Amino acid sequence: MSVLEVRDLDLYMEDEQILDDVNISFEEGVVQAIVGPNGAGKSSLAFSIMGLKGYRDVEGEIVYDGEVINDLDVSERSKLGISLGWQEPARYEGLKVRDYLNAATDDEENEDVSRDVLEKLGMDPDEYLDRAVDSSLSGGERKKIEMASLLAMEPDLVLLDEPDSGIDVSSLERIFDSIDYLVERDATVILITHSERTLEEANYAYLMCGGSVIDDGPIEDVGMYFEDKCLPCETKNIPQKKENGRYEN
Amino acid sequence: MKIEDLYEAAEIEDAVSDPDVAHLIINKDKIVGENEIAGLSVNAVEIEDGVDVEVVVEEDAVIEKPVHMCFGMTQEEGLQRIILDMDIRAGSEIGILAHCVFPKAVDVRHEMDAEIRVGEDAEYSYLEKHIHSPKGGLEVVPKAEIMLERRARYKNDFELVEGRVGELDIDYECVCEEDSILEMTAKVDGKEDDDISIREAGDLVGEGARGVLTTRVAARDDTDAEVINELSAEAAYTRGHVDCKEIIQDRGEARAVPIVDVHHPLAHVTHEAAIGSVDRKQLEALMARGLSEEEGVDLIIQGLLS
């Protein structure tokens, strides 16, 4: 069953078309991936779905759970159950990990949730709860705390923008375990990625190029095609003529 | 309002009942509690509209537990003048936790004129926590002249922990001799029509002296805020940094004036100042976790001022 539909979506920024007639129907409770080379429009699509500033003025419709959400702001969309994990999460001077995680839960007084999600990411709560979510954290630590906050929130649909970016090998499995945990909790997970390893976590993929979705299918098909033809992208996000049912780069 | 309410507001009931903790409690112009301990003498005299206080920490005395000072007013209106003379003698160590408590203020003015000398190798820290009325009917005017002798350390933190600022006019000036260390930090959250003026100045006159001036201000609603951080370096190997960040929201206005004045080629002083609204990415990341825009702004400012 479809939980999120993107219909005829166009996005322009400073007269440049960023998204071009994007149509995707995301299935509920499934890990799906949006793949494509840098500049293909993957993150822009995720930001449009989340309703971030600069990505709200779209043409077309974003329909979540049967409701058109184009007019909702970020907070309203998150209250419906949508959330986003950033590729490079924001840092906050002085804001404690404890307060950052508590903000994502329904019960801000309950520290058990914060401790639990940190442990799921392999982070010692006693070491991290009183640290600030600031530049003193490494990129990998910050990224894991981002994922911990998503686990604390338990969104129904989560967009993860390059979830493996900046993560060391030993922590990567924790991130993937967290994705599994979200799915076990019936969440729909949309991975924004150009990483072959992350792609393996998905069941189905949409291939973007030049702001458009040019193909979709099971990971085995789209993933192999992406790895063979799009890495590296030699045509600067210009889709090539489709032959034999596939676009050629 | 009873004096016990001041203790409760400042959360110092336990401290004032501990015989090993030195304290001085002043309500408007009356000394309502004091306790001295070995190595520390406090001579407080009531004057018109206030109290004149002399504090001496004996040479090499180490005061283990923080000394509690409470300058407060249970009344809604009035003037409180505190004249403070601190003599932190060579080799001594002391930390003061000062609560300035004005929970009922409607039309109150609190003045502080402090002279502070920190002797050679002495260490002095002063954490000043303000608890104000939610109405903001308060003028707070603290002035301090501080002298740090060789290798002395001085750390001052100013925080408003509850209530509205009202009108705040801080003016602290410190002269730093050889190898001494100065740290001054002020964090203030302005709301409604609060008026904030902060001047912190350090004069690094001795070789190897170091100073850091840090200010964090939120100017919300119709708050007007001005921060002047001055750091001058007169001698070789002096090091300093000025760091001012102000967040403005609504119709707030803020000015930051970092003044770095270097008079020696072997000195090095840096500064950074930033004024702006809440960072959009920071805010949207919190909103994407279910917070409203207002809740997100509050949390970001709470972190900045923590």
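Throughout this description, residue numbers start from 1 for each chain and increase along the sequence as written. In the order they appear in the text, chains get letters beginning with A and ligands get numbers beginning with 1. The model is predicted, so local features are restricted to residues of pLDDT at least 70 and side-chain atom pairs to those at 80 or more, both for listing and for counting; the totals for chains, interfaces and linings are taken over all residues. Based on all heavy atoms of the structure, the side-chain values leave hydrogens and waters out of the count.

1. Considering the overall build of chain A
Right, on to step 1. The secondary structure listing takes helices from DSSP runs of H or I that are at least 4 residues long and strands from runs of E that are at least 2 residues long, numbered from the N terminus. Across its full length, chain A holds nine helices and twelve strands.
Right, on to step 2. Overall, the C-alpha framework of chain A stretches about 55 × 40 × 35 Å when taken along its three principal axes.
Right, on to step 3. Residues counted as buried form 53% of the 249 residues belonging to chain A.
Right, on to step 4. If you take every contact in chain A between residues at least 6 apart in sequence, the share linking residues at least 24 apart comes to 65%.
Right, on to step 5. When the accessible surface of chain A is summed, it comes to about 11,000 Å², and 40% of that surface belongs to carbon and sulfur atoms.
Right, on to step 6. Residues counted as positive are Lys and Arg, residues counted as negative are Asp and Glu, and His and the chain ends are not counted. To locate a charge, the coordinates of NZ of Lys, CZ of Arg, CG of Asp or CD of Glu are taken. Seen as two clouds, the 23 positive and the 59 negative side-chain charges of chain A have centres 3 Å apart. Only protein chains enter the area calculation, which uses a 1.4 Å probe; residues under 20% of their type maximum are buried, those over 50% are exposed, and those in between are partly exposed. Should any heavy atoms of two residues lie within 4.5 Å, those residues are considered in contact. Reported accessibility uses the Shrake-Rupley method at a 1.4 Å probe radius. Residues are deemed covered only where the shown protein chains occlude them.

2. Describing the overall build of chain B
Right, on to step 1. Each helix and strand counted, chain B has four helices and 19 strands in total.
Right, on to step 2. Its C-alpha atoms give chain B a radius of gyration of 20 Å, near enough to 19 Å, the size a compact globule of 306 residues would have.
Right, on to step 3. Over its C-alpha atoms, taken along the principal directions, chain B stretches across nearly 55 × 55 × 35 Å.
Right, on to step 4. Per-residue burial for chain B yields a buried fraction of 55% across its 306 residues. Here the globule rule reads 2.2 Å times residues to the power 0.38, and the radius of gyration is calculated from C-alpha atoms.

3. Concerning the interface of chain A and chain B
Right, on to step 1. In this complex, chain A contributes 29 residues to the contact, which on the side of chain B involves 20 residues.
Right, on to step 2. As used here, buried area is the combined drop in accessible area, with a 1.4 Å probe, of two parts when they are placed together. Summed over both sides, the interface between chain A and chain B buries roughly 1,900 Å², with carbon and sulfur atoms accounting for 55% of that surface.
Right, on to step 3. Sorting the residues of chain A by area buried against chain B places Trp86(A), Tyr92(A) and Glu93(A) first, and these three jointly supply 30% of that buried surface.
Right, on to step 4. A side-chain nitrogen of Lys or Arg and a carboxyl oxygen of Asp or Glu constitute a salt bridge if their distance falls within 4 Å. Counting the contacts that link chain A with chain B gives three salt bridges.
Right, on to step 5. Of all the secondary-structure elements, those providing two or more residues to the side of chain A that touches chain B are helix 2 (74–80), strand 6 (82–85), helix 3 (97–103) and helix 6 (139–153) of chain A.
Right, on to step 6. Think of it as three bins: nonpolar holds Ala, Val, Leu, Ile, Met, Phe, Trp, Tyr, Cys and Pro, charged holds Asp, Glu, Lys and Arg, and polar takes everything else, Gly as well. Its residues assigned to classes, the side of chain A that touches chain B comprises 15 nonpolar, six polar and eight charged.

4. Focus on empty space enclosed by the protein
Right, on to step 1. The definitions used throughout rest on a 1 Å grid laid over the protein atoms alone, on which a cavity is an enclosed set of points accommodating a 1.4 Å probe that cannot get out and a pocket is an open set flanked by protein within 12 Å on both sides along at least five of seven lines; lining residues are those having an atom within 4 Å of a point. Grid points are joined across faces, edges and corners, and a volume is the space filled by probe spheres set on the points. Evaluated as defined, the whole model comprises two cavities of 30 Å³ or more.
Right, on to step 2. Approximately 80 Å³ is the volume attributed to the largest cavity.
Right, on to step 3. Here the residues of the lining of the largest cavity are counted per class, giving ten nonpolar, one polar and two charged.
Right, on to step 4. Considered as a void within the structure, the second largest cavity measures approximately 70 Å³ in volume.

5. What to know about the environment of Gly211(A)
Residues and elements named next belong to chain A.
Right, on to step 1. Looking at the secondary structure, you find Gly-211 in the loop between strand 9 (204–209) and strand 10 (212–218).
Right, on to step 2. Between the C-alpha atom of Gly-211 and that of Ala-40, which follows or precedes it by 171 residues, the distance is 5.3 Å.
Right, on to step 3. Sequence-distant contacts of Gly-211, that is, excluding residues within four places in its chain, are made with Ile-18, Leu-19, Asp-20, Val-22 and Ala-40.

6. Some details on a negative patch on the surface
Right, on to step 1. What makes a patch is a set of residues exposed beyond 30% relative accessible area and free of salt bridges, joined within 9 Å when like-charged and within 5 Å when nonpolar (Val, Leu, Ile, Met, Phe, Trp, Tyr). Side chains of Glu27(A), Glu28(A), Asp65(A), Glu67(A), Asp156(A) and Asp186(A) sit close together on the surface and give a patch of like negative charge.
Right, on to step 2. Relative to the elements of secondary structure, Glu67(A) occurs in strand 5 (residues 67–68).

7. Some remarks on the pairing of strand 10 of chain A
Residue and element names in this part refer to chain A.
Right, on to step 1. Two strands pair when backbone bridges link them, and strand 9 and strand 10 are joined in this way by six bridges, in the antiparallel orientation. Bridging from a neighbouring strand, Ala-205 pairs with Gly-217 of strand 10.
Right, on to step 2. Strand pairing follows a simple DSSP-based rule, namely that at least 2 bridges must link the two strands. If you look at the hairpin formed by strand 9 and strand 10, you'll find two residues sitting between the two strands, and Gly-210 has a positive phi there, around 60 degrees.

8. Some thoughts on the sheet that holds strand 17 (residues 239–248) of chain B
All names here are of chain B.
Right, on to step 1. Here ten strands make up an open sheet; going across it, the order is 2-1-5-7-9-11-13-15-17-19 and the pairing mixed. With one partner strand each, in any of the chains shown, strand 2 (30–35) and strand 19 (268–276) form the two edges of the open sheet. Neighbour-to-neighbour, the strand axes of the sheet open up by a mean angle of 10 degrees, direction not taken into account.
Right, on to step 2. Across nine bridges, the pairing between strand 17 and strand 19 is parallel. Note on geometry: axes are lines fitted to C-alpha atoms, helical ones only across the stretch in contact, with angles between N-to-C directions running from 0 to 180 degrees.

9. A few points about the packing of aromatic side chains
Residues and elements named next belong to chain A.
Right, on to step 1. Two aromatic rings, drawn from Phe, Tyr or Trp (for Trp, its six-membered ring), form a pair once their centres lie within 6.5 Å of each other, and the interplanar angle then sorts them: stacked below 30 degrees, edge-to-face above 60, tilted otherwise. Tallied over the full model, the rule gives six aromatic pairs over all chains.
Right, on to step 2. With centroids separated by 5.8 Å and ring planes inclined at 40 degrees, the aromatic side chains of Tyr-92 and Tyr-100 adopt a geometry described as tilted.
Right, on to step 3. Tyr-92 sits in the buried class, given a relative accessible area of 2%.
Right, on to step 4. Among the residues examined, Tyr-100 registers a relative accessible area of 1% and is labelled buried.

10. With respect to helix 6 of chain A
Along an α-helix, residues three or four apart share an orientation, since each turn contains 3.6 residues.
All names here are of chain A.
Right, on to step 1. A helix is expected to reach a length of 1.5 Å times the quantity of its residues less one. An ideal rise of 1.5 Å per residue puts 21 Å on 15 residues; helix 6 measures up with 21 Å between its terminal C-alpha atoms.
Right, on to step 2. Burial analysis of helix 6 places 14 of its 15 residues in the buried class, which makes it a mostly covered element.
Right, on to step 3. After helix 6 finishes, the residue Glu-154 shows a positive phi value of roughly 55 degrees.

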